[in-house]
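# Descriptive structure summary
Listed below are the residues making up each chain.
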Amino acid sequence: QEQLAQSGGGSVQPGGSLRLACAASGRTFSSCAVGWFRQAPGKEREFVAAISWSGSNTYYADSMKDRFTISRGNAKNTVYLQMNSLKPEDTAVYYCAADLHPLKLHGQMNQYDYWGQGTQVTVAS
């Protein structure tokens, strides 16, 4: 079945690290770009980072690029978001999404076609 399955969320202390994973299954995602977004309660969903289908190109929101790293696994069907030096303000539900017709990497939600189920990240002492 075609889906984006997320894993790796949880609770961590400030300054800690987490790695989120997004596994794409199905030929629909064979040439897609993948983006990460996050949404805290009462706030708009915001773009975090995106990666091309090959893994060669990445794009980050300005506020994310110093601490977060997006990457593709060797099998190319899994995208990771490594989050370091986490802060309480990073607490949110994190989503991965697939753009099936990528022209360039971007953070426009309405241009992503499939979404993962989301995973909670909580940063607190």
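The structure under discussion appears in the preceding block.
Scope of this entry: the structure provided in the associated data block. (Residues numbered from 1 in each chain as written. Predicted model: local features only at pLDDT ≥ 70, side-chain atom pairs only at ≥ 80, totals over all residues. Heavy atoms only, no water.)

## Some details on the overall build of the protein
Quick note on the threshold: Per the convention used, a helix needs a DSSP run of H or I reaching at least four residues, while a strand needs a run of E reaching at least two, with both numbered from the N terminus. The quantity called the radius of gyration is restricted to C-alpha atoms. Its globule counterpart is 2.2 Å times the number of residues to the power 0.38.
From N to C terminus, the protein includes zero helices and 11 strands. Listing the helices and strands of the protein from first to last along the sequence gives β-β-β-β-β-β-β-β-β-β-β. The C-alpha atoms of the protein give 13 Å as radius of gyration, which agrees with the globular expectation for 125 residues (14 Å, within 12%). The C-alpha extent of the protein, read off along each of the three principal axes, is 40 × 25 × 25 Å.

## Considering the sheet that holds strand β8 (residues 78–83)
Threshold: When DSSP finds two or more bridges between two strands, those strands count as paired. Axis geometry follows a simple rule: fit a line to the C-alpha atoms, using only the stretch in contact for helices, then measure angles between N-to-C directions, giving values from 0 to 180 degrees.
One open sheet accounts for four strands, arranged β1-β3-β8-β7; its pairing is antiparallel. Two strands bound the open sheet, and with one partner strand each, they are β1 (3–7) and β7 (68–72). Across this sheet, the average inter-strand angle for adjacent strands is 15°, counted without regard to direction. The pairing of β7 with β8 spans five bridges and is antiparallel. Across the sheet, the residue bridging to S71 is Y80, located in β8.

## Topic: the side chain of Q6
Just so we agree on the cut-off: Identification of polar contacts relies on pairs of N or O atoms within 3.5 Å, with a donor-acceptor requirement for protein atoms, meaning one able to donate a hydrogen and the other able to accept it, and with residues adjacent in sequence counted only if both atoms are side-chain atoms. Between two residues, a contact is recorded if the distance between any of their heavy atoms is within 4.5 Å.
Positionally, Q6 belongs in strand β1. Of note is the side chain of Q6, whose polar atom sits 2.8 Å from the backbone oxygen of Y94. A distance of 3.0 Å separates a polar side-chain atom of Q6 from the backbone nitrogen of G118. With sequence-adjacent residues up to four places away left out, Q6 is seen in contact with A21, W36, Y94, Y95, C96, G116, Q117, G118 and T119.

## Thoughts on the nonpolar core
Going by this rule: To define a nonpolar core, start from buried Ala, Val, Leu, Ile, Met, Phe, Trp, Tyr and Cys residues and group those joined through side-chain atoms within 4.5 Å. Burial status follows relative accessibility: with a 1.4 Å probe on protein chains alone, a residue under 20% of its type maximum counts as buried, one over 50% as exposed, and anything between as partly exposed.
By size, the foremost hydrophobic cluster in this structure holds 36 residues, and its most contacted members are W36, F68, I70, L81, M83 and Y94. For this core, the secondary structure elements donating two or more residues are β3 (18–25), β4 (33–39), β5 (46–51), β7, β8, β9 (92–99) and β11 (119–123).

## Digging into the side chain of R67
Within the fold, R67 resides in the loop between β6 (58–60) and β7. Here S85 takes part through its backbone oxygen, which lies 3.1 Å from a polar atom of the side chain of R67. The residues touching R67, leaving out its near neighbours within four places in the chain, are Q82, M83, N84, S85, L86, K87 and D90.

## A short note on the state of the cysteines
This is how the line gets drawn: Working definition: a disulfide is two cysteine sulfur atoms within 2.5 Å of each other.
The final tally for this structure, using the stated rule, is one disulfide. C22 shares a disulfide with C96; S-S distance 2.1 Å. Sign of the S-S torsion, about 70° for the bond between C22 and C96, identifies this disulfide as right-handed. Here C22, found in strand β3, pairs with C96, found in strand β9; they are 74 residues apart in sequence, far enough to count as distant. The burial state of C22 is the same as that of C96; both residues are buried. Residue C32 stays outside any disulfide, its sulfur separated by 8.2 Å from that of C22, the closest cysteine. By relative accessible area, which is 1% here, C32 ends up buried.

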